[in-house]
Structures are given as C-alpha cells and as structure tokens.
Amino acid sequence: MAIREGRWDCPTCGTQGLLGRQVRCDGCGNPRPEGVRFYLPEDAPEVTDAARLSEASAGADWVCEHCGASARAGQTHCPGCGAVRGSSPGQQTHEYGMDEVPRSGGRQQPVRALGAAAPPRKRRGWKGPAALVALVGGLVWWNGPKEVTATIAAKEWSRAVEVQEYRTVKEEDWSVPQGGRQTNSFRAVRDYRQVLDHYETRSRQVSERVQTGTRTYTCGQEDMGNGYFRDKTCTEPEYETRYHTETYQDPVYRREPIYDTKFAYEIERWLPDDTSWARGDASRQPAWPTVQIDRNEREGARIERYVLRFTDEDGKTHEQEVSAEQFARYRQGQPVTLRMKRSGSGKIEIVEPEKDGS
Ligand SMILES: [Zn+2]
Ligand SMILES: [Zn+2]
C-alpha cells in the first residue's frame, strides 16, 4: 500500500507543480483552496519518511470557513486566524481506476482513450468482379447453344414385344402367398438385434480448473484529500488446470440373430420368356413384330425407339432419339436446323420449320 506525494497548481497565480504537502502557494502566498485538484506524476516516488507517512495517514485536510486557510486533519484550530474548526469543510477524497489517475495539472479531465479516427476506407477495385463477369460470360458462351444446318441422313426405328410364360417356380418367404403350395419349412435368421453383453472398465483423462489462491495487484489510486495518494489494491482469484485419470464403464454390445419360420413353396408366375424385335429404316413404316402366343403365354411389355441421324454442314454426324410423332414428321434427306450445345454433348433440338422456309 505504497503512498506517494501528489502535486497541485495554484489557481490564483498559476504556479505549477506545488508539492502535495504544501498548504500555501510558494508564488503568491495564498492558501491551498477548497476543492483543489491534486494530481500524481507518473514518476512520483514512494514516500518512506515516517513523519510524512503519518501526515498522509491522518486524513483529509480542511479549509477554514472564516479565513480560507488550509489546515491539516490533526489541527484543531485554523493556522491562519486561530478559529476552531467548527463546520469547516474537509477536502474531498477520490478513488481513481488505474487509467483515470490525473497525471498532470490544469483543469482538464484525465484524457480517456479516444477512438483513433479510422482512415477513410478505400473503395474496392472493380477489376475482380469484372474478371468474374468475363469468366462466367465465357463459360456461358462455351456451353451455350449454337444452331447448325443439317440434313436428315437416316431414320432408324426398333420395336419389341415381350412374351411371358405362366410357369411354376420355387420361392421362399416368411409366409406362403395366395396360390402358393408349401413344400417345406425351416428356421432361418430373419433379423439381428443389439444386446448389451457386458461393460468394460476404461480410463480417460479429465481436466478441471482449480482455484489455487488469489493475486493482489494495484488497480488504482486514492486521492487522500491531503496531497498524498495511496495505492488502491484489488484481488482476483488465480486458477490452475489440473488433470487426473478417471475410470468409467463402457457398454459393449453383441449382435444376436432373431430366428423365424421360413417357408418354401411352389407358385405360378408370369415370367419373361422371349422378346421379338422389328427394326427398320426410312424405307419401311414402323410396325410391331408378329409374335406367336402359345398356350400358357401372353404378351408383356412393348418397347419402341426412334432415332434420327443428321449430317451437318461441316460433314459431322449427330444422332438424337425422338418421339414417334416427330419420327413420322421428318423424312430422310430433309434439311433441318439443329440447336445443340457448343460442346456437341447433350440433347439436340430440331428447330422447325427452317427459318428461310427452303
Ligand atoms: Zn499562488
Ligand atoms: Zn482561519
């Protein structure tokens, strides 16, 4: 709890740096007034002299209500006019945080950390965005559609009819479906479940914050109202991270099969037997293949596929699957305009009719 001597400036004649202990101005001889502002220079040494320390500890000075002279706390009578202290006011004491301690004279308040004015923000350059726009534009151009003049070089169609047969098959399931004839039953694994088997003792490192004590530090200054300042002390807890090993129980599971009865049976099913194809080009109208339906047989799914082949103005060939309706509309040798991706991949669209009508 170090004690240091402060300073004051005479408000009457302007003399600066008067010692805190002085109750009268060196320059004009006027008494140190009530409400004087004491300050503590950064380099003020610690007071060690016993007499000064007891002077500092005595309490705040007082100012004579009759003549205005400044008196020490221990004085019962005014050193100026000899009057009893009576209701003469004491000097104010103050508590300052570390960054609030007045360090120099004058009337100004201690300077607070003022936010340094930020330099004006530079405008963002437009180079980056412009380059990005150019890049995206380039990609759109590269992948964007182009139109190509071509002729229909060939037309190809294929049609298929599947034939199904009603056959007896062997199947297995957890129940016999309607129409099935059971031939056997047996136990089989239907599912698995997780079962707690046992616990295993394992260990792990854990940390905790432990208060190990307190730290005392100087957190401000007290203006004692008599020209002296005393260190203000604060305390805060001090912590340490400590580690230790703890054990815990870790559950271990096992996979356990769930059994059920499974049935083997025979049943009649419609199954694909054969597929008949018909294929052709522009010289033949698309038609379905003729299929032979025997006893225990029926027609299944039908498939149809239509393809147009093009040769473009550069002699390159392209092909595109189309609908039956489109296939019927175009004839071999007909000029068309195609729209396709620049890369040549993806779907080819026929732009119709040709723009020049030729
Ligand atoms: Zn003065
Ligand atoms: Zn007096």
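To keep things clear, this report deals only with the structure shown in the data block. (Residues numbered from 1 in each chain as written. Chains lettered and ligands numbered in written order. Predicted model: local features only at pLDDT ≥ 70, side-chain atom pairs only at ≥ 80, totals over all residues. Heavy atoms only, no water.)

### Digging into the coordination of the zinc ion (ligand 1)
- At this site the zinc ion (ligand 1) is bound by C10 (SG), C13 (SG), C25 (SG) and C28 (SG), with donor distances of 2.2 to 2.4 Å.
- Considering all 4 donor atoms around the zinc ion (ligand 1), the spread of angles at the metal, 101 to 117°, places the coordination shape in the tetrahedral class.
- Here the donor residues of the zinc ion (ligand 1) share one chain and are spaced in sequence as C-x2-C-x11-C-x2-C. (Donors = N, O, S within 2.8 Å, 3.2 Å for Na, K, Ca; no water. Tetrahedral: all angles 85-135°; square planar, octahedral: opposite > 155°, others 65-115°.)

### What to know about the coordination of the zinc ion (ligand 2)
- Surrounding the zinc ion (ligand 2) are the protein donor atoms C64 (SG), C67 (SG), C78 (SG) and C81 (SG), at 2.2 to 2.3 Å.
- Taken together, the 4 donor atoms coordinating the zinc ion (ligand 2) span angles of 101 to 118° at the metal, a pattern that classifies the geometry as tetrahedral.
- With relative accessibility at 41%, the residue C81 sits in the partly exposed group. (Buried < 20%, exposed > 50% of the residue type's maximum accessible area, 1.4 Å probe, protein only.)

### Quick look at helix α1 (residues 50-57)
- With a side-chain oxygen lying 3.2 Å from the backbone nitrogen of A51, the N-terminal cap of α1 falls on D49.
- At the exit of α1 stands G59, carrying a positive phi of roughly 125°. (Polar contact = N/O pair within 3.5 Å; in protein donor to acceptor, adjacent residues only side chain to side chain. Helix = DSSP H or I, 4+ residues; strand = E, 2+ residues; numbered from the N terminus.)

### Here's the deal with unusual backbone geometry
- Even without being glycine, N296 reaches a positive phi, approximately 65°.
- Turning to its location among the elements, N296 is positioned in the loop between β9 (228-281) and β10 (297-312).
- Take N296: its relative accessible area is 39%, and that puts it in the partly exposed class.

### Here's the deal with the pairing of strand β12 (residues 335-341)
- Strand direction decides the pairing type here: strand β7 (residues 145-173) and β12, joined by 7 bridges, are antiparallel. The partner of V148 across the bridge, within β12, is L338. (Pairing = 2+ DSSP bridges.)

### Concerning the side chain of E162
- Considering the arrangement of structural elements, one finds E162 in strand β7.
- Although E162 lies buried, it forms no salt bridge, and the closest oppositely charged side chain, R298, sits 7.4 Å away as judged by the N-O distance.
- Those residues in contact with E162 that sit more than four places away from it in its chain are P272, D274, T275, R298, E299, G300 and A301. (Lys, Arg positive; Asp, Glu negative; His and termini not counted. Salt bridge = Lys/Arg side-chain N within 4 Å of Asp/Glu carboxyl O. Contact = heavy atoms within 4.5 Å.)

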